[in-house]
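# Geometric and topological summary
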Amino acid sequence: MTGSREKTKRIEGNKAQKKAISHFRGPCLVAACPGSGKTFVLTQRILYLVRTKKVCPGEILAVTFSKAAAASMQRRFFQIGGSDYRGVCFGTIHSVFYRIAAEGGKGMLPVISETDRNALLENIISHLKAVYGADEMPEIEASAAGAYISARKNGSSFDSSGAPRDPFFEKILRLYRDNLRARRQIDFDDIVPLALQRLKEDPLLEKRTASRWNYILIDEFQDVSPIQYDAVRILAGKESNLFAVGDDDQSIYGFRGSDPSIMRRFAQDYPGCRRILLGINYRCGSDIFRKACRVIRENKNRIRKRCRAKRYERKGVIIQGFPDMNREYDEIMLIAGKAIRHSGESAAVIFRSHLQLQGFLKYIRLKYADRSAWPELLTMHASKGLEFDCVFLPDLNEGVIPVRRAVSRGTVEEERRLFYVAMTRAQKKLHLFYLRGTRENPRLPSRFLKVLGVQDWE
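Residues numbered from 1 in each chain as written. Predicted model: local features only at pLDDT ≥ 70, side-chain atom pairs only at ≥ 80, totals over all residues. Heavy atoms only, no water.

Our next topic: the sheet that holds strand 4 (residues 215-218). Spatial strand order, 3-2-4-5-1-6: six strands in an open sheet with parallel pairing. Each end of this open sheet is capped by a strand with a single partner; those strands are strand 3 (89-92) and strand 6 (274-278). The sheet shows a mean angle of 15 degrees between the axes of neighbouring strands, taken without regard to direction. When strand 1 (residues 28-32) meets strand 5 (residues 242-246), the two strands line up parallel, connected through four bridges. (Pairing = 2+ DSSP bridges. Helix = DSSP H or I, 4+ residues; strand = E, 2+ residues; numbered from the N terminus. Axes fitted to C-alpha atoms, helices over the stretch in contact; angles between N-to-C directions.)

Right, dumping it as C-alpha cells:
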C-alpha cells in the first residue's frame, strides 16, 4: 500500500472501536465488555499510529500478562501489517521489567521455575508441620501458600475484609524469602518490585526508561497489581501516552494481587483521560449476555456500563437442578454428545476447581470410555479468553461457588466475576446446572443463581 493510500485508509470497526483505534496522544482508558473486539482494537490502533500518524514502530510497546497472549497479539498484528513494522515491541509485563531491572547495572538473579517453587513451598509446609505438630498447624496447600505470597509481593492485602494476616502464611512467606535468598534466586513476583526499586534509585535509568517508548498499550488492564501500575506509570513518563484496555468485571486474579479498582484509579490519576466503552458483545447470544450482566450487576466494586449483545437469540440459557451428581453428569454428556456429533459444535464443561474437573473426568472415563466425542474440560480461570458454542457450568452450589473461604464482600465479588467470565464463554447455549439434592438431604444452589430466578430450596 502506498503512503498516500495509507493516509486515506478507512478505519474499520463500530463507532466505539473507531474512536479507540484513532486515539492519538494522551491517556486513554478503554472499558471493554467480553467479546467486544479488544484485540482487534489494540492491533488496529498500532497500525493506525504507524501508518496514519507516522509513529516510528520502535516507539510503540504493547504489553499483556502472558506469553501466549503476547505471542497471539504479535502474530495477529504481523498478519495484518506485514513484516514492515517489526520494530514494535510486544512483551509480558514481567519480561519488559526484567530487562529494565537488568539494565540497572546490578545484574539479575535467575528466576525460580514454577516446579521448583512448588517443591520449595511443600518442603517449607512439611517443615512447619514437624515443628508445630498436626494439631496446631492448619492444613495448607502449596498452591494456597503461593497465592498468598504472590498477593503480598504485588501490594495486595489478599483479603479485603481487613482481617489480620494469617500467622502461618506469614511464617511460610518469611521462610520462602530466606530460602530464595540462600539459593540466590528470585521469583516472577520479585521482578516488577525490583525494577521499580531500581528505577527509583537510579534517576538516569528512570529517565532512559521513560523516554524509550512514547506509546504504550496495555491489554487486560484489570489484571494489573498496585505495584505493576506504579511501574507502568513510570514507563509512560510525562507524555502519558498510556492506552489501557480492560474489563474490571473480568478481574479474577486477586490471589496474584490484581485489583479491579485500579481502572477507577487510572481515571483519578489522569483526570483528563479519554474514556471509551466497547459495549457491544459479538460473542454471546442476547439471552446469555443479558443474564450474565444481570449477575455481575450485583457487584458494588465495579465501573457501571451499558452493554448489549449484537446477536439476538432467545432461550440461550438453560437452568436445571439435579438430585445427584451422576444424573447431572449424564445429562451433560448426553447434550454435549449431540452438539458435537450431530451439529459439529464446540462444547466445554467449565468447573470452579481442578478437584471437580478430576471427579467428572474419572466418572466419564468409567462410563463413557467408548465414546469419542467428549467436550473440552477446563477450570473457570483457564477458560478466560476462550469461547465455545455450548458451555456447561456444573455443580453451581454454595461452597463450590462462591467457595467456602469467600467470606468477605471482596472475595465474594471476585467469585461472582469468575462466574461471569465462565458464563460469557458461551456463544449459543449456556447450561447452568446445580444439585438440588433430595427431600431428606437438600442442597443449596449458589447465591449467584438467585438473581436468575432460582429459589434457595425447591
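From this point on, the discussion continues.
One can describe the packing of helix 14 (residues 325-341) onto helix 15 (residues 354-367) by two numbers: an axis separation of 11 Å at closest approach and a directional angle of 70 degrees. By the angle class used here, helix 14 and helix 15 are roughly perpendicular. Every residue of helix 15 that contacts helix 14 at Asn326, Tyr329, Asp330, Ile332 and Met333 is listed here: Gln356, Gly359, Phe360, Tyr363, Ile364 and Lys367. Residue composition of the contact of helix 14 with helix 15, grouped by class: six nonpolar, three polar and two charged. (Parallel < 35°, antiparallel > 145°, perpendicular 65-115°, else oblique. Contact = heavy atoms within 4.5 Å. Nonpolar A, V, L, I, M, F, W, Y, C, P; charged D, E, K, R; others polar.)

Note that side chains of opposite charge can pair when their charged atoms are close. The final tally for this structure, using the stated rule, is 30 salt bridges. Residue Asp219 pairs with Lys38 through a salt bridge whose shortest N-O separation is 3.0 Å. Here the residue Asp219 occupies a position in the loop between strand 4 and helix 11 (226-236), and Lys38 occupies one in helix 3 (residues 38-52), the gap between them amounting to 181 residues. Looking at Asp219, the relative accessible area reads 5%, which means it is buried. A salt bridge links Arg283 to Glu387; its shortest N-O distance comes to 3.0 Å. In this pair, Arg283 sits in strand 7 (residues 280-285) while Glu387 sits in the loop between helix 16 (380-383) and strand 12 (388-393), placing the two residues 104 residues apart along the sequence. Judged by its relative accessible area of 10%, Arg283 is buried. Residue classification places Glu387 among the partly exposed residues on the basis of a relative accessible area of 42%. If you follow the salt bridges from partner to partner, you end up with Lys38, Asp219, Glu220, Asp223 and Lys384 in one network. (Salt bridge = Lys/Arg side-chain N within 4 Å of Asp/Glu carboxyl O. Buried < 20%, exposed > 50% of the residue type's maximum accessible area, 1.4 Å probe, protein only.)

Let us now look at helix 4 (residues 67-81). With 15 residues, helix 4 should cover 21 Å at 1.5 Å per step; its first-to-last C-alpha distance of 21 Å lies within 8% of that length. Of the positions making up helix 4, those classed as buried are Ala70, Met73, Phe77, Phe78 and Gly81. One face of helix 4 carries all of its buried residues, which in axial projection span an arc of 125 degrees. In helix 4, the exposed positions angled more than 90 degrees off the buried face are occupied by Ala68 and Gln79. Note on helix 4: the residue one or two positions beyond its end, Gly82, has a positive phi of about 80 degrees. (Expected span 1.5 Å × (residues − 1). Arc of directions from axis to C-beta.)

Evaluated as defined, the whole model comprises zero disulfides. Among the cysteines around Cys89, which has no disulfide bond, Cys56 carries the closest sulfur, lying 12 Å off. Overall, the relative accessible area of 16% leaves Cys89 in the buried class. There is no disulfide at Cys293, and the cysteine sulfur nearest it, in Cys307, is 5.8 Å away. Note on Cys293: relative accessible area 10%, which makes it buried. (Disulfide = S-S within 2.5 Å.)

Computed from the structure, the second largest pocket encloses a volume of approximately 240 Å³. Elements with a minimum of two residues in the lining of the second largest pocket: helix 8 (167-183) and helix 9 (188-201). Within the lining of the second largest pocket, the residues separate by chemical class into five nonpolar, two polar and six charged. (1 Å grid on protein atoms, 1.4 Å probe; cavity = no way out; pocket = protein on both sides within 12 Å on 5 of 7 lines; lining within 4 Å. Points joined across faces, edges and corners; volume = space filled by probe spheres on them.)

Two elements in contact, helix 13 (residues 286-296) and helix 17 (residues 409-423), have axes separated by 9 Å at closest approach and are oriented at 175 degrees. It follows from the interaxial angle that helix 13 and helix 17 lie roughly antiparallel. Across the interface between the two elements, Ile288, Phe289, Lys291, Ala292, Cys293, Val295 and Ile296 of helix 13 pack against Arg416, Arg417, Phe419, Tyr420 and Met423 of helix 17. Taken together, the residues of the contact of helix 13 with helix 17 break down into nine nonpolar, no polar and three charged.

The next subject is the side chain of Gln427. Mapping Gln427 onto the fold places it in strand 13 (residues 426-435). Residue Gln427 is classed as buried on the basis of its relative accessible area of 18%. Side chain to side chain, Gln427 and Glu387 meet in a polar contact 3.3 Å long. Sequence-distant contacts of Gln427, defined by excluding residues within four places in its chain, comprise Arg283, Cys284, Gly285, Ile288, Arg311, Glu313, Glu387, Phe388 and Asp389. (Polar contact = N/O pair within 3.5 Å; in protein donor to acceptor, adjacent residues only side chain to side chain.)

Tracing the chain through its elements places Asp287 in helix 13. On the basis of relative accessibility, which here comes to 5%, the residue Asp287 falls in the buried class. In this structure the C-alpha to C-alpha distance between Asp287 and Ala309, which are 22 residues apart in sequence, comes to 8.5 Å. In contact with Asp287, other than residues within four places in its own chain, are Glu313, Arg314, Lys315, Gly316 and Val317. Among the polar contacts listed, one links the side chain of Asp287 to the side chain of Arg290, at a separation of 3.4 Å.

Once that is clear, we can look at the packing of aromatic side chains. Across all of its chains, the model carries 15 aromatic pairs by this definition. Aromatic pair Phe78 and Phe90: ring centres 6.1 Å apart, planes at 70 degrees, arrangement edge-to-face. Here Phe90 lies in strand 3 and Phe78 lies in helix 4, a separation of twelve residues in the sequence. In terms of burial, Phe78 and Phe90 fall into one category: buried. Aromatic ring contacts, followed pair by pair, group Phe221, Tyr229, Phe266 and Tyr270 into a single cluster. (Phe/Tyr/Trp six-rings, centres within 6.5 Å; stacked < 30°, edge-to-face > 60°.)

The next thing to look at is the sheet that holds strand 9 (residues 317-322). One open sheet accounts for five strands, arranged 9-13-12-10-11; its pairing is parallel. Of all strands in the sheet, those bounded by a partner on one side alone are strand 9 and strand 11 (376-379). Across the sheet, the mean angle separating the axes of adjacent strands is 20 degrees when strand polarity is ignored. Bridge count between strand 10 (residues 347-351) and strand 12: three bridges; the pairing is parallel. Bridge pairing in strand 12 places Ala348 opposite Val391. Docked against the sheet, helix 13 engages strand 9 and strand 13, running at close to 50 degrees with respect to strand 13. In the packing of helix 15 onto the sheet, the strands contacted are strand 10 and strand 11, and the crossing angle to strand 11 comes to about 160 degrees.

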